[in-house]
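In case you want the letters, here they are:
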Amino acid sequence: MNPEQCLFCKISKGEIKATILYQDAAVTAFRDIHPVAPTHVLIVPNKHIQSINEMEAEDELILGHLFFVAKKITQQENIAESGYRSIINTGVHGGQTVSHLHLHIIGGKPLREPMG
Ligand code: 5GP
Ligand code: ZN
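Residues numbered from 1 in each chain as written. Chains lettered and ligands numbered in written order. Predicted model: local features only at pLDDT ≥ 70, side-chain atom pairs only at ≥ 80, totals over all residues. Heavy atoms only, no water.

So, the site of ligand 1
Residues in close proximity to ligand 1 total 16 residues, the closest being Asp32, Asn89, Thr97, His102 and His104. Measuring from a nitrogen atom of ligand 1, one finds a backbone N or O atom of Ile33 at 3.2 Å. The separation between an oxygen atom of ligand 1 and a polar main-chain atom of Val98 is 3.1 Å. Starting from 520 Å² of accessible surface for ligand 1 in isolation, the protein chains cover 84%. Where the shell around ligand 1 is concerned, the elements lending two or more residues are helix H1 (7-12) and strand S2 (27-31). Sort the elements by how many residues they give to the shell around ligand 1 and H1 lands first, with 3 residues. (Near = heavy atom within 4 Å. Polar contact = N/O pair within 3.5 Å; in protein donor to acceptor, adjacent residues only side chain to side chain. Areas by Shrake-Rupley, 256 points an atom, 1.4 Å probe, with all protein chains shown as cover. Helix = DSSP H or I, 4+ residues; strand = E, 2+ residues; numbered from the N terminus.)

And the structure:
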């Protein structure tokens, strides 16, 4: 997919509106448009990486940073202590619907099903 057409590239560049909770040079965190729990945040690399399958060695630090930002978000959202789920879906069987790698952070209620 052409990054010019990519929804999450557009959100990270501010070309499409989203509720952005955190942004730095490497990643952007924003609220999911269809939350499955009281807190449902997506954290994406600003670089267009389609999925874990397309990850390159140079992306290792960015993905580590994604999880460190997840920690900050869970503190801000006050779900760090109660707990949450962090999910990266890949490909058709994984249920990936947007072809730009994203980490779901889902919490704020007890979760039973895999996606809340
Ligand atoms: P996936 O199924 O690919 O793991 O997750 C994609 C997520 O992106 C879904 O939870 C969906 O609700 C969310 N999403 C899709 N389109 C938009 C959008 O335009 N804005 C925001 N904020 N989230 C979106
Ligand atoms: Zn993209």
